[in-house]
Amino acid sequence: MALRCGIVGLPNVGKSTLFNCVSSGKAQALNFPFCTIEPNLGSTQVPDHRLEDLARLVNPKRIVPATVDFVDIAGLVQGASKGEGLGNQFLANIRETDAILHVIRCFDNSEVTHVSGSVDPVRDMEIIETELQIKDFETVENRLAKVQKQAIAGGDKSAARLAALLERYYQTLSRGKSARTVELLNPEEKQLARGLFLLTNKPVLYICNVDEDAINKGNSHTLRLTEVLEKEKLPYLLVAASAESQIAKMEDPDERQQFLAMLGMEESGVSRLVRAAYKLLGLETYFTAGPDEVRAWTFLKGTKAPQAAGLIHSDFERGFIRAEVIKFEDYMHYGSESACREAGKIAVEGKNYVVQDGDVVHILFSR
């Protein structure tokens, strides 16, 4: 399962610059509002030294890292729901993403136009959140009218349950609150909520786009914004998209590391962003390793072995017999699967085993 993130924000906040840094896509990043019109699609590899360490021991024919997909849409402005700017129709392109990256401008630069005329990250954040709420309200209002008819006319109990949930979302969104503030009472409601693809139900990682001087310590803009975010216990990250743009162009690892050191950084903002997105969604990684391939697999924390096997192929889940599991640290210590077997470091696990981050797994199944 590839993590899929939608990038949102006002025009000219650095969305497309950041998109180009974190993905293989190449979006226009120009100094005028709405230079992004069509959605940009791209992906990046998930940085994980464990995959590289395993590959050095196994020496496979190919190495397959986990990936993250990104969708960059046109900038929103206040009143987008009423047709201002380019409107809000582009939000449909991120309805089925797993998470939202909300890029907020936290730098001063007279040469980069701000659509509102001044830099105010708290105001900007609220504008985008409001526009997402309005879009969700439109979705809920339209769906509620249809589902209520089904529930009343046909006596459909499942439609009645969905209508009840939609009514709660309707009331919440009409008060200017996000869908995620609605408490879901049981697994069925959680399943129904997932099927609605509401934008303000998605986890959000706030990206404070700063200049190079503020990467480590922030500035007056980030101070104001992070005070609000921390009060609400919302996750955020400071990233200098302009610096990341330079890092992305450096092919020499040594040159890249020297540049990071000059900025006082141990790793790029892109690497931190991907890891933060994984943490936000409770995602972890297990590995398969053999002479043909060493591969990383992304799974939701708490996943049991048969479902984790199903990520490789549905047949693996259906015919699951058992999993042979080596802890990554043991694989590194003993140097090979055979050495781990001799040392008794391969655990045989059944259907109730909860896969752990870093497990090296071999699945046995019946066809």
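A brief structural summary. Remember, it's a predicted structure, so these values are computed and weren't measured experimentally. (Residues numbered from 1 in each chain as written. Predicted model: local features only at pLDDT ≥ 70, side-chain atom pairs only at ≥ 80, totals over all residues. Heavy atoms only, no water.)

### Some thoughts on the pattern of salt bridges
For the structure shown, the criterion picks out 18 salt bridges. The closest approach of N and O atoms between Arg180 and Glu129, which form a salt bridge, is 3.4 Å. Taken together, the positions of Arg180 in the loop between helix 4 (157-174) and helix 5 (187-196) and Glu129 in helix 3 (residues 121-154) put the pair 51 residues apart, joining distant regions of the chain. Look at Glu129 and you get buried, because its relative accessible area is 14%. The partner of Arg275 in a salt bridge is Glu267, and the shortest N-O contact between them spans 2.2 Å. Of the residues examined, Glu267 reaches a relative accessible area of 26% and is grouped as partly exposed. (Salt bridge = Lys/Arg side-chain N within 4 Å of Asp/Glu carboxyl O. Helix = DSSP H or I, 4+ residues; strand = E, 2+ residues; numbered from the N terminus. Buried < 20%, exposed > 50% of the residue type's maximum accessible area, 1.4 Å probe, protein only.)

### What to know about helix 6 (residues 220-231)
Spanning 12 residues, helix 6 covers 17 Å between terminal C-alpha atoms, matching the ideal 16 Å at 1.5 Å per step. For helix 6, the full list of buried residues reads His221, Thr222, Leu225, Thr226 and Leu229. Looking down the long axis of helix 6, one finds its buried residues gathered within 105° of arc, a one-sided arrangement. Away from its buried face by more than 90 degrees, helix 6 exposes Ser220, Leu223, Glu227 and Lys231. Its side-chain oxygen 2.9 Å from the backbone nitrogen of His221, Asn219 forms the N-cap of helix 6. Directly after helix 6, the chain includes Lys233, whose backbone phi takes a positive value near 60°. (Expected span 1.5 Å × (residues − 1). Arc of directions from axis to C-beta. Polar contact = N/O pair within 3.5 Å; in protein donor to acceptor, adjacent residues only side chain to side chain.)

### Focus: the environment of Arg105
Structurally, Arg105 is set in strand 5 (residues 99-105). What makes Arg105 buried here is its relative accessible area of 2%. Measuring from C-alpha to C-alpha, the distance between Arg105 and Arg95 comes to 23 Å, with 10 residues separating the pair along the chain. Those residues in contact with Arg105, other than ones at most four positions away along the chain, are Asn12, Val13, Val112, Thr113, His114, Val119, Pro121 and Asn209. A distance of 3.1 Å separates the side chain of Arg105 from the backbone oxygen of Phe107, its partner in a polar contact. Among the polar contacts listed, one links the side chain of Arg105 to the backbone oxygen of Val112, at a separation of 3.0 Å. (Contact = heavy atoms within 4.5 Å.)

### Structural notes on the sheet that holds strand 7 (residues 236-239)
Read from one edge of the open sheet, six strands run 2-4-1-5-6-7, paired in mixed fashion. If you trace the sheet from one side to the other, it starts and ends with strand 2 (40-45) and strand 7, each paired once. The average undirected angle you get between the axes of adjacent strands in this sheet is 25°. In this fold helix 1 (residues 15-22) packs onto strand 1 (3-8), strand 2, strand 4 (67-72), strand 5, strand 6 (204-209) and strand 7, with an angle of close to 40° to the strand it touches most, strand 2. Packing against the sheet, helix 9 (residues 269-281) makes contact with strand 1, strand 2, strand 4, strand 5, strand 6 and strand 7, and its axis sits at approximately 170° to strand 7. (Pairing = 2+ DSSP bridges. Axes fitted to C-alpha atoms, helices over the stretch in contact; angles between N-to-C directions.)

### A few points about the packing of helix 7 (residues 241-249) against helix 8 (residues 253-262)
Running from amino to carboxyl end, helix 7 crosses helix 8 at an angle of 160°, the nearest separation of the two axes being 9 Å. Comparing their axes, helix 8 and helix 7 come out roughly antiparallel. Helix 8 is crossed by helix 7, and the crossing has right-handed handedness. When helix 7 is examined against helix 8, the residues Ala243, Gln246 and Ile247 are found in contact with a partner set consisting of Arg256, Phe259 and Leu260. When the residues that make up the contact of helix 7 with helix 8 are grouped by side-chain class, the tally is four nonpolar, one polar and one charged. (Parallel < 35°, antiparallel > 145°, perpendicular 65-115°, else oblique. Left-handed = near helix turned anticlockwise from the far one by under 90°. Nonpolar A, V, L, I, M, F, W, Y, C, P; charged D, E, K, R; others polar.)

### Focus: a negative patch on the surface
Residues Asp108, Asp211, Glu212 and Asp213 make up a contiguous surface patch of negative charge. Assignment of secondary structure puts Asp211 in the loop between strand 6 and helix 6. (Patch = residues over 30% accessible without salt bridge, like charges linked within 9 Å, V, L, I, M, F, W, Y side chains within 5 Å. Areas by Shrake-Rupley, 256 points an atom, 1.4 Å probe, with all protein chains shown as cover. Lys, Arg positive; Asp, Glu negative; His and termini not counted. Charge placed at Lys NZ, Arg CZ, Asp CG, Glu CD.)

### Things to note about the side chain of Arg50
In this fold, Arg50 is placed in helix 2 (residues 49-58). Taking relative accessible area as the criterion, Arg50 reaches 14% and is therefore assigned buried. Within polar-contact distance, the side chain of Arg50 engages the side chain of Asp357 at 3.1 Å. If near-sequence neighbours (up to four positions away) are discounted, Arg50 is found in contact with Thr285, Phe287, Phe328, Asp357 and Gly358.

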